[in-house]
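A closer look at the structure
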Amino acid sequence: MNQRSRLSLVVVQIFVVTLMVALMGRLFYLQVAAGPKYKDAALSIQSRDVISPATRGLIVDSSGVPLALNRVGLAITADRIALDSQSDNGVAVLGRVSRLLKLSYSDVFRKTRLCGELPKNQKAGCWTGSRYQPIPITKEATPDIALQVVERSDEYPGIDATPVALRNYPGNAGINAAHLLGYVGPVTEADLASEKKYFRSESVGKTGLEVQYDQYLRGTPGIRTVIVDRKEAITRESQNSQPVPGNHLITSVDSRLQSSVENALADAVRRAKAMGRKADSGAAIVMDVNTGQILAMASYPTYDPNSWEKGLTFEQAAALFSEETGVPALSRPLQGLFAPASTFKSVSVVAAAAAGYDLNKSYDCPAQVQVGTRAFQNFESKAQGRISLKRGIAVSCDTLWYQIAFDEWLRDGGLKPKSDANDYFYSAARGFQVNQKTGIDLPSESTGRVPDRQWRKDWYAQNKNFYCDYKNRASAAQQTPFLVELARENCLDGDKIRAGDAVNFAIGQGDVVLTPLKLTQMYAAIANGGKILQPTVGKAIVKTDGTIIKKITGKTLGSIPASKATINFLHLALREVVTAGTAAGAFSGFPIAVSGKTGTAEVFGKNANGSKKDNTAWFASYAPSEKPEYAVVMMVSQGGFGASTSAVGVRKIYETLFGVKGSRVDATKAIFPNGKPPTDLPKISPATKVKGS
Amino acid sequence: MSLNNRNLYRKKARGSIFQGFDPILTGAVVALLIMGTLLVYAGTRDWYAANGLDPQYYLKRHVINILIGALLAWGTTVIDYRLLRAYTPIVWAAGVLGLIAVLIPAFGSTVNGAKAWISLPGGFQIQPAELAKISIIVGISMVLSERTHDSNEPSSSDVIQALLIAGIPVIFILLQPDMGTIFIISASVVTIIAVSGAPTKWVVGLLLVAAIGATGAAKLGVISDYQVKRLQSFVDPNADTQGSGYQLRQARITVGSGGLLGTGLFNGPQTNGRFVPEQQTDFIFTVAGEEIGFMGSGLILILLTIILIRGFTIARRTSDPYGRLVATGIIAWFAFQIFENIGMTLGLMPMTGVPLPFISYGGSSMFANLIGFGLLQNVHARHLA
């Protein structure tokens, strides 16, 4: 062997040994260094979890009457393993099922597909669970259909009928409470990606109490983990845990009161409509002024809370969010933002007291007040002469407030504000926490707005480009002389509080908005001597055997910035509103002492049909005046006068609350016969009946 | 010391049917055959049972293949390979004929996009390309070791002759197409030419041509779609979840999930769930990776390395140039096929369908491997320097 051959052989040998060492290194990396990672990957390839949902906990009212429970429905289910092994992949069988259930074939097909199996835009109705569990095509089959499926199994191979638990809102005492309770639905991809431990095919809370207390209500589903092969056939079972039922939620709501509040709100809307108002939406709330507990809460328009479990059609789902139908999905009490109008004068009283105005003095209430270059009219341009401040509240004089607010605005420097401006009105509003959430235990609450100096600066920074280039940026419909002038003004000094802004704020108009729930919280604070309470709907979470898991109590969030004297003044003034003021008509002859304030908010803008928007009708109140227990607020958007539309509605609510018939009180008919909502927790039973029915 | 040992073997072996058997080489091969048998069984048992078939179907056939291969190995060990040298032209021509037959539709059958098999009656198939490897190795070894002139080294014309001998069968394999086998043959041919002492320019030139050819083939589309796909999925295994990328990913996961000790033979859920295809043939190393872990599959690598190093020792020690080149060719063939197969399983090499020597199920490949083993023994026994 010559030298070159020998050298070549050595080089080749080194090369080959290097290759083998490379393989060994790679093998070491895959199996030892990265082994755990690949073990996990392999497990996710082989294992499939089959989820048996836990029984969801009940939601009951304060006396134990079920608001949400579980009903047994008859599900027609498909076994995908069986269908897929049929020669046509189950097409013929699913066709027969669709005819039997009177559904379209494509609906049935989609309902039996895993979401990953369908193209991107055609996933609606897909099954979020796994293929190893029965996939429900409907949960509301009639016994007749279920029998057909079971008895003619040769015609329906792979199809079965089985009883399933359905979430059901029984509507005891005729309640709807859709916005309060919410609804449940299938887990979404987003839920699965979240940190909460959700499982596919589980039902989870979507809105309302169902989502707020989902972690308690849901329970723990049973999990059966199976190991499958490449053909997805089960080779063995690796883990099996039993479902643990969810806990129950006891709320402070009373079904009978809730029903009455819903009816009173619907009635107020009806009356407003009868008077030619649009009355497109409304809210009504009853709150315990001493605890913050919500005793009833209604939103108009509403929807059937059971419609989700029945399976919404596309049109039904669209209608829930459509402007034309008034967006029934929106919960007005805590998501709707409205100008509070004259109900806000309670805040202005606190501001005036802080600014040093004598609450017991008299003030002028002319037909109009000149504010800078503009004349601001009293409500319906009525002149009342010189009246006491209390009387001014009772008859809801606006000009009195224009004068005070204008004076204070000038004192703060007008358009050249002092750096240490007092801003009594804005700080009073902030003291009432108008610009904060109430903190209620319900999701998606809106935050009110106090249009103070900072807010105006922020607003201007965002909008000045639009207003300073209004001719080019605004639509043709927005080019009216008034709007063009407004835009010019906004461009010029939109970052400053103008006299008009200041005086409008004092009567709850202009840019100030809040939710009906916020106003309820504010009036409850006035009623209870100043404490701002966090409203709560939930009272306690209990196990089936009654063991308390968690007591839910609202926090005291602060107190309103008012002295005892100011609060006493407000008590007297708000009582006079009902005895001899704007609400006297609505409450004439009412045997229980009620205090409150009407509000009629002008709304700028137009409806879709071009008509001018009607006023927002408010009535915010509490009772009994001498020892307040309940705050009741009703709001009807585009409902007309607060004094008629809403105050009358609130009277009906008090009638139920106190057991009033005409001008007589029948204490035994009162919702809470001893004058207070119950503090004891009821026993939980799905069979608990409404009292007196 | 080592000299004494060698003499000892020769004395002991002479005249018996075990004449010339190298205990290290033989021990490594037997150990691999046993492990391979167990792995083939583990890779097919559950799946066949689950589908209502004979769970020992592959086991039985694999054992038969080994027995036939052992006979072939024994035959190639005991005959004087110089006799084989005389028959080299016939062996070569038979190999080429087999490759042509594969391309004729009446004989050939297509598996995984390649016409690589001849179907025989009774459900048997043979893969001529496996046996063609031996034809090529003995063919060019003969040309490069014949000395017709004074020089002790092959001339350029010898090299050209050798390239023709290798090139003709390679063209037919290219038509199947079987890129894995072409890679292995090319690497072996270049190795034999280098070790033959041929002019350096040829060695360097051939390496360049091989490199250019590989890139050019991919660009010009000589490589068919399914091969490009396999190559692409090598670059990005997540691109194609059900095709070849899926297979490479599954293979890597299966090997990785075995960890240090493995799940135990017959207990691999990935293997038993058959998430990796072809796991008794091309992807057999995944079964080892999952079920016997790093300890077991590392042992396979060590045994294979022992065979290769032992082969190099045999090539270095033989005095006969022809025997040295045959031994070198066989070692190069084994080495590159091992690297291609395990490298593919571990994600180091693109996906091509070549079996793992001495382990994978497959008659033709088992016969070729054991014939190669026999030839190594033969060279070892007869031509010690």
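Here the structure is a predicted model, which is why all the values come from computation and not from measurement.

1. Some remarks on the overall build of chain A
- Along the backbone of chain A there are 25 helices and 25 strands.
- Buried residues in chain A amount to 46% of all 693 residues.
- Pairs at least 24 residues apart make up 72% of the contacts formed inside chain A by residues separated by at least 6 positions.

2. Things to note about the overall build of chain B
- Within chain B, the regular secondary structure consists of 15 helices and 3 strands.
- When burial is assessed residue by residue, chain B has 54% of its 385 residues classed as buried.
- Here the analysis covers contacts within chain B between residues at least 6 apart in sequence; of these, 70% occur between residues at least 24 apart.

3. Observations concerning helix α5 (residues 128-145) of chain B
- Taking 1.5 Å as the rise per residue, α5 of chain B with 18 residues should run 26 Å; its terminal C-alpha atoms sit 26 Å apart, in good agreement.
- With 17 of 18 residues buried, α5 of chain B is to be regarded as a mostly interior element.

4. Structural notes on the sheet that holds strand β12 (residues 294-300) of chain A
Residue and element names in this part refer to chain A.
- Strand order in the open sheet formed by 5 strands is β12-β11-β23-β22-β21, and the pairing between neighbours is antiparallel. Whereas interior strands pair on both sides, the edge strands pair on one side only; in this sheet they are β12 and β21 (595-601). For this sheet the average axis-to-axis angle between neighbouring strands, irrespective of direction, equals 5 degrees.
- The sheet contacts of helix α11 (residues 255-274) involve β11 (281-288), β12, β22 (616-623) and β23 (630-637), and relative to β12 the element is tilted by about 35 degrees.

5. Details of the sheet that holds strand β1 (residues 47-52) of chain A
Residues and elements named next belong to chain A.
- Judged by pairing direction, the sheet is antiparallel, and its 3 strands sit side by side in the order β1-β8-β9 without closing on themselves. Because the sheet does not close on itself, it has two edges, and the strands there are β1 and β9 (234-240). Sheet twist, expressed as the average angle between the axes of neighbouring strands with direction ignored, equals 30 degrees.
- Relative to β9, strand β8 (residues 222-228) runs antiparallel, the two being bridged by 5 bridges. Counterpart to Val226 in the pairing with β9 is Glu237.

6. Thoughts on the interface of chain A and chain B
- The interface is formed by 33 residues belonging to chain A together with 42 residues belonging to chain B.
- Every element with two or more residues in the side of chain A that touches chain B is listed here: α1 (3-33), α2 (35-46) and β8 of chain A.
- By residue number, the principal contributor to the side of chain A that touches chain B is α1 of chain A, which donates 17 residues.
- Its residues placed into classes, the side of chain A that touches chain B shows 19 nonpolar, 8 polar and 6 charged.

7. Observations concerning the nonpolar core
- Counting residues in hydrophobic clusters, the biggest one holds 141 residues, and the most contacted among them are Ala284, Val286, Ala405, Tyr523, Tyr630, Ala631 and Val633 of chain A.
- In this view, Ala405 of chain A contacts Phe425, Ala502, Val503, Phe505 and Ala506 of chain A; residues no more than four positions away in its chain are not counted.
- Among the nonpolar cores identified, the runner-up in size contains 113 residues, and Val29, Leu32, Phe285 and Ile292 of chain B belong to it.

8. Some points on helix α25 (residues 642-658) of chain A
Residue and element names in this part refer to chain A.
- Over its 17 residues, α25 runs 22 Å from end to end, which matches the ideal 24 Å to within 8%, given 1.5 Å per residue.
- Within α25, 16 of the 17 residues are buried, which leaves the element mostly enclosed by the surrounding structure.
- Where α25 ends, the next residue or the one after it, Gly659, has phi of about 75 degrees, a positive value.

9. A look at the UniProt feature "transmembrane region" (unreviewed entry) in chain B
Residues and elements named next belong to chain B.
- The sites that UniProt annotates as "transmembrane region" (unreviewed entry) are residues 21-42, 62-83, 90-108, 181-198, 203-223, 292-313, 325-346 and 358-376.
- Structurally, residues 292-313 comprises 95% helix and 0% strand, and the distance from its first C-alpha atom to its last is 30 Å.
- Segment residues 325-346 splits into 95% helix and 0% strand. End C-alpha atoms: 31 Å apart.

10. Notes on unusual backbone geometry
Residue and element names in this part refer to chain A.
- The residue after Tyr300, namely Pro301, is reached through a cis peptide bond having omega -5 degrees.
- Within the secondary structure layout, Pro301 lies in the loop between β12 and α12 (307-310).
- Along the chain, Ala623 connects to Pro624 via a cis peptide bond; the corresponding omega equals -15 degrees.
- In this structure, Ala173 is a non-glycine residue whose phi angle is positive, near 60 degrees.

11. Observations concerning the environment of Gly414 of chain A
- Relative to the helices and strands, Gly414 of chain A resides in the loop between α17 (399-411) and α18 (424-431).
- Along the backbone, Gly414 of chain A and Ala502 of chain A are 88 residues apart, and their C-alpha atoms lie at a distance of 9.6 Å.

12. Structural notes on the packing of helix α13 (residues 293-317) of chain B against helix α14 (residues 321-345) of chain B
Residue and element names in this part refer to chain B.
- Interhelical geometry of α13 versus α14 gives an angle of 160 degrees and a closest axis separation of 9 Å. When the axes of α13 and α14 are compared, the pair comes out roughly antiparallel. Like other packed secondary-structure pairs, α13 and α14 cross with a definite hand, here left-handed. Here α13 contributes Leu304, Ile307, Leu308, Gly311, Phe312, Ile314 and Ala315 to the contact with α14, which in turn contributes Arg324, Ala327, Thr328, Ile330, Ile331, Phe334, Ala335 and Ile338.
- Considering only residue class, the contact of α13 with α14 consists of 12 nonpolar, 2 polar and 1 charged.

Conventions we followed
Residues numbered from 1 in each chain as written. Chains lettered and ligands numbered in written order. Predicted model: local features only at pLDDT ≥ 70, side-chain atom pairs only at ≥ 80, totals over all residues. Helix = DSSP H or I, 4+ residues; strand = E, 2+ residues; numbered from the N terminus. Buried ≥ 20, exposed ≤ 12 C-beta atoms within 10 Å, placed from the backbone. Contact = placed C-beta atoms within 7 Å. Expected span 1.5 Å × (residues − 1). Pairing = 2+ DSSP bridges. Axes fitted to C-alpha atoms, helices over the stretch in contact; angles between N-to-C directions. Nonpolar A, V, L, I, M, F, W, Y, C, P; charged D, E, K, R; others polar. Core = buried A, V, L, I, M, F, W, Y, C linked by C-beta atoms within 7 Å. UniProt positions renumbered as here; feature names shortened; annotations may be inferred. Parallel < 35°, antiparallel > 145°, perpendicular 65-115°, else oblique. Left-handed = near helix turned anticlockwise from the far one by under 90°.

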